[in-house]
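Here is how the chains run, residue by residue.
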Amino acid sequence: MKPSKWRDLSDEELRQRVKELTEELFNLRFQLSMGVAKNPARVVEARRDLARAKTILRERGLGLARSA
């Protein structure tokens, strides 16, 4: 998902996505360690999505507005 679409989400939706991505990342890392991961590249995607969501929440918390 592009950052512009992330910014369209409400704070509550972003917090929910952060929770979901954190759980997904944990499960993906566990699968990698067990050698059963179906898509190892998803780990990178999940990390980036989590970082995007946290960055947007932080920007909103600080009251920073970005022009897209």
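An account of the accompanying structure is given in this report. (Residues numbered from 1 in each chain as written. Predicted model: local features only at pLDDT ≥ 70, side-chain atom pairs only at ≥ 80, totals over all residues. Heavy atoms only, no water.)

1. Observations regarding the side chain of Asp49
This is how it is decided: For helices the rule is a DSSP run of H or I covering at least 4 residues; for strands it is a run of E covering at least 2, with both sets numbered from the N terminus onward. What makes two residues a contact is simply this: any of their non-hydrogen atoms within 4.5 Å.
Structurally, the position occupied by Asp49 is in helix H3 (residues 41-62). Not counting chain neighbours up to four residues away, the residues in contact with Asp49 comprise Trp6, Leu21 and Arg42.

2. Observations regarding the environment of Val44
The criterion, for reference: Exposure classes here rest on a 1.4 Å probe applied to the protein chains alone. A residue is buried below 20% of its type maximum, exposed above 50%, and partly exposed in between.
Within the element layout of this structure, Val44 appears in helix H3. A relative accessible area of 39% means that Val44 is categorised as partly exposed. Between the C-alpha atom of Val44 and that of Leu28, which follows or precedes it by 16 residues, the distance is 10 Å.

3. Some remarks on the packing of helix H2 (residues 11-34) against H3
To characterise two packed helices, one gives the angle between the axes of the helices and the distance between these axes. Convention followed: Here the axes come from fitting lines to C-alpha atoms, over the contacting stretch only for helices, and the angles between their N-to-C directions go from 0 to 180 degrees. In these notes the angle categories are as follows: under 35 degrees is roughly parallel, over 145 is roughly antiparallel, 65 to 115 is roughly perpendicular, and the rest is oblique. Left-handed is the label given to a crossing in which the near helix is rotated counterclockwise from the far helix by less than a right angle, and right-handed is the label when the rotation is clockwise. Ten residue types, Ala, Val, Leu, Ile, Met, Phe, Trp, Tyr, Cys and Pro, are classed as nonpolar, four, Asp, Glu, Lys and Arg, as charged, and the remainder, Gly among them, as polar.
In the contact formed by H2 and H3, the axes pass within 9 Å of each other and the chain directions differ by 155 degrees. Judged on the interaxial angle alone, H3 and H2 are roughly antiparallel. Between H2 and H3 lies a crossing whose hand is left-handed. Only Arg42, Val43, Ala46, Arg47, Asp49, Leu50, Ala53, Lys54, Ile56, Leu57 and Arg60 of H3 make contact with H2, whose side of the interface consists of Asp11, Leu14, Arg15, Val18, Leu21, Thr22, Glu24, Leu25, Leu28, Arg29 and Leu32. Considering only residue class, the contact of H2 with H3 consists of twelve nonpolar, one polar and nine charged.

4. A word on the nonpolar core
Quick note on the threshold: Only buried residues count toward a nonpolar core, which is a set of Ala, Val, Leu, Ile, Met, Phe, Trp, Tyr and Cys residues joined through side-chain atoms within 4.5 Å.
Core analysis: the largest hydrophobic core is formed by 13 residues, its most contacted members being Trp6, Leu14, Val18, Leu25, Leu50 and Ala53. The biggest single contributor to this core is H3, with six residues.

5. With respect to the environment of Lys38
Relative to the helices and strands, Lys38 resides in the loop between H2 and H3. Judged by its relative accessible area of 83%, Lys38 falls in the exposed class. Spatially, the C-alpha atoms of Lys38 and Leu28 are 9.2 Å apart, while their sequence positions differ by ten residues.

6. Examining H2
Cut-off, in case you're wondering: One fewer than the residue count of a helix, multiplied by 1.5 Å, yields its expected span.
Relative to the 34 Å expected for 24 residues at 1.5 Å per residue, H2 spans 35 Å between its end C-alpha atoms, a close match to the ideal helical length. Looking at the packing, one finds that the buried side of H2 touches helix H1 (3-8) and H3. Positive phi appears at Gly35, one or two residues downstream of H2, with a value of about 80 degrees.

No statement about biological role is implied by the geometric values presented.
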